[in-house]
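Descriptive analysis of the structure
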There are 2 protein chains.
Amino acid sequence: MASKNKELIVELLKSSKLSVTDTRVKILELFLKSNGALEHADFEKLSGKSFDRVTIYRTLQTFLDKGIVHKIPTTDTSVRYAICRSECREHEHHDHHVHFRCEECGSTQCLEETDIPVLSLPKGYDVHNVEVVVSGVCKACH
Amino acid sequence: MASKNKELIVELLKSSKLSVTDTRVKILELFLKSNGALEHADFEKLSGKSFDRVTIYRTLQTFLDKGIVHKIPTTDTSVRYAICRSECREHEHHDHHVHFRCEECGSTQCLEETDIPVLSLPKGYDVHNVEVVVSGVCKACH
DNA sequence: AATTAATTTGCAACAATGTTGCAAAAGTAC
DNA sequence: GTACTTTTGCAACATTGTTGCAAATTAATT
Ligand SMILES: [Mn+2]
Ligand SMILES: [Mn+2]
Ligand SMILES: [Zn+2]
Ligand SMILES: [Zn+2]
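Residues numbered from 1 in each chain as written. Chains lettered and ligands numbered in written order. Predicted model: local features only at pLDDT ≥ 70, side-chain atom pairs only at ≥ 80, totals over all residues. Heavy atoms only, no water.

1. Regarding the packing of helix α2 (residues 22–33) of chain A against helix α4 (residues 53–66) of chain A
Residues and elements named next belong to chain A. At a closest axis distance of 10 Å, the pairing of α2 and α4 adopts a crossing angle of 70 degrees. As summarised for this structure, α2 and α4 are arranged roughly perpendicular, according to the angle between their axes. Contacts between α2 and α4 involve T23, R24, I27, L28 and F31 on the former and, on the latter, T55, I56, T59, L60, T62 and F63. Each residue belonging to the contact of α2 with α4 can be placed in one class, and the counts come to six nonpolar, four polar and one charged. (Axes fitted to C-alpha atoms, helices over the stretch in contact; angles between N-to-C directions. Helix = DSSP H or I, 4+ residues; strand = E, 2+ residues; numbered from the N terminus. Parallel < 35°, antiparallel > 145°, perpendicular 65-115°, else oblique. Contact = heavy atoms within 4.5 Å. Nonpolar A, V, L, I, M, F, W, Y, C, P; charged D, E, K, R; others polar.)

So this is what it looks like as structure tokens:
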């Protein structure tokens, strides 16, 4: 099961034309293990301090560039990342789903099944992307 | 007209039970002058370095607490603030409008006239607040 | 208008977060 | 295994945000 994940991760990296390194594998493992979005500090904690901070920054940036992960907007200074489950894998992100932030447990989740609604903006605005972040109480927190 | 604004600002501060200080007046002036959201660094630049960084942080936090300004979600580490134009003035924020981030000029605007759409989330999720941030090209940038 | 009381400010010191250049290490291709 | 390319870790620095505390400012009272 762990090795199953490992195989999947190696395949993902290769299909993104990225070399397979310990840091990248570990960070992807943490993404797959976690049930919510992660931020930079989480990787330092969860990885047991085994990787340099700079390497984590660079790895996350690489994953962003390759469309392996996406960012989730927040109103604080933290930057949250989640793995892209579905379509988006190549150049552009297509994570057209809603994000949910639980005020109880603090977790941020991708609601893959909840589509972004269609918006009608005032004339003159050219829409490229719509982000929806819902806050409230999640399923697990009742 | 500048003094007209000043009167308005003094009234706003007093109605929020805040004492009228140079920093608070100046920051509110900058909000009213600007046609988009501002972030912390903007106040340092726009005010001509006349106020201490710490004071700006504390002032913005105070304005948040009093419902004078609201935050706008971003995917970078910056925190953007906009003045609350309409209802929300007391305890809670009611800025149920869409925010727009222009990829050309970098400005962030409140689209007060564009309502947040109604969402249907999966069972078990309790919705408290919905944030919508649209990115694209704004009216001014054609 | 002067005194008093409460609030706000600026400074220093610190913590956390993010960036860049560069040499050593690891990965990939041959 | 060797050569070539990419990635990593370290150091050094920049930016952003927080806290305690004394001095300054504002508001309330006489
Ligand atoms: Mn997502
Ligand atoms: Mn707004
Ligand atoms: Zn929860
Ligand atoms: Zn624009």
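Next comes the rest of the write-up.
2. With respect to the coordination of the zinc ion (ligand 4)
All names here are of chain B. In the first shell of the zinc ion (ligand 4), the protein supplies C102 (SG), C105 (SG), C138 (SG) and C141 (SG), at 2.2 to 2.4 Å from the metal. Note that the zinc ion (ligand 4) binds four donor atoms; their angles at the metal cover 104 to 121 degrees, and the shape is tetrahedral. Sequence spacing among the residues donating to the zinc ion (ligand 4) works out to C-x2-C-x32-C-x2-C. Of the two residues, C105 is situated in the loop between β4 (97–102) and β5 (108–115) and C141 in the segment after β6 (126–137); the sequence distance between them amounts to 36 residues. (Donors = N, O, S within 2.8 Å, 3.2 Å for Na, K, Ca; no water. Tetrahedral: all angles 85-135°; square planar, octahedral: opposite > 155°, others 65-115°.)

3. Quick look at the sheet that holds strand β3 (residues 80–83) of chain A
Residue and element names in this part refer to chain A. Sheet architecture is open: three strands sit in the order β1-β3-β2, paired in antiparallel fashion. Looking at which strands have only one partner, the edges of the open sheet turn out to be β1 (38–39) and β2 (69–72). α2 rests against β1, β2 and β3 of the sheet, and its axis sits at about 85 degrees to β3. (Pairing = 2+ DSSP bridges.)

4. Brief notes about the protein's contact with DNA strand C
Taken together, 18 residues surround DNA strand C, and among them Y57(A), T21(B), R24(B), T55(B) and R58(B) come closest. Among the atoms of DNA strand C lying within 4 Å of the protein, the sugar-phosphate backbone contributes 58%. Contact between DNA strand C and D52(B): a phosphate oxygen at 3.4 Å from a main-chain N or O atom of the residue. At a separation of 2.5 Å, a base oxygen of DNA strand C approaches a polar side-chain atom of R58(B). Sorting the residues of the surface near DNA strand C by element identifies α4 of chain A together with α2 (22–33) and α4 (53–65) of chain B as the ones contributing at least two each. For the surface near DNA strand C, the element with the highest residue contribution is α4(A), accounting for four residues. (Near = heavy atom within 4 Å. Polar contact = N/O pair within 3.5 Å; in protein donor to acceptor, adjacent residues only side chain to side chain.)

5. Some thoughts on the coordination of the manganese ion (ligand 1)
All names here are of chain A. Taken together, H70 (NE2), H97 (NE2), H99 (NE2) and C110 (SG) make up the protein donors of the manganese ion (ligand 1), found 2.0 to 2.3 Å from the metal. The motif formed by the donor residues of the manganese ion (ligand 1), counted along the single chain, is H-x26-H-x1-H-x10-C. Exposure remark for H97: the relative accessible area of 6% places this residue in the buried category. (Buried < 20%, exposed > 50% of the residue type's maximum accessible area, 1.4 Å probe, protein only.)

6. Quick notes on the relation of the copies chain A and chain B
Take chain A, turn it by 180 degrees, move it 0.0 Å along the axis, and it overlays chain B with an RMSD of 0.1 Å. Here the two chains are linked by the operation of a two-fold rotation axis. A symmetric contact is evident, with 100% of the interface residues of chain A recurring at the interface of chain B. (Least-squares fit on C-alpha atoms with pLDDT ≥ 70 in both.)

7. Some points on the confidence of the model for chain A
Chain-level statistics for chain A give a pLDDT mean of 90 and a share of 91% at 70 or above. Element-level pLDDT for chain A is lowest in helix α1 (residues 2–15) of chain A, with a mean of 87, against a maximum mean of 97 in α4(A). (pLDDT = per-residue confidence, 0-100.)

8. A word on the sheet that holds strand β1 (residues 38–39) of chain B
By way of backbone hydrogen bonds, the strands of a sheet pair with one another, either parallel or antiparallel. All names here are of chain B. If you trace the three strands from one edge of the open sheet to the other, you get β1-β3-β2, paired in antiparallel fashion. Since the sheet does not close on itself, it has two edges, and those belong to β1 and β2 (69–72), each with one partner. Relative to strand β3 (residues 80–83), β2 runs antiparallel, the two sharing four bridges. Looking at β3, one finds that K71 is bridged to Y81.

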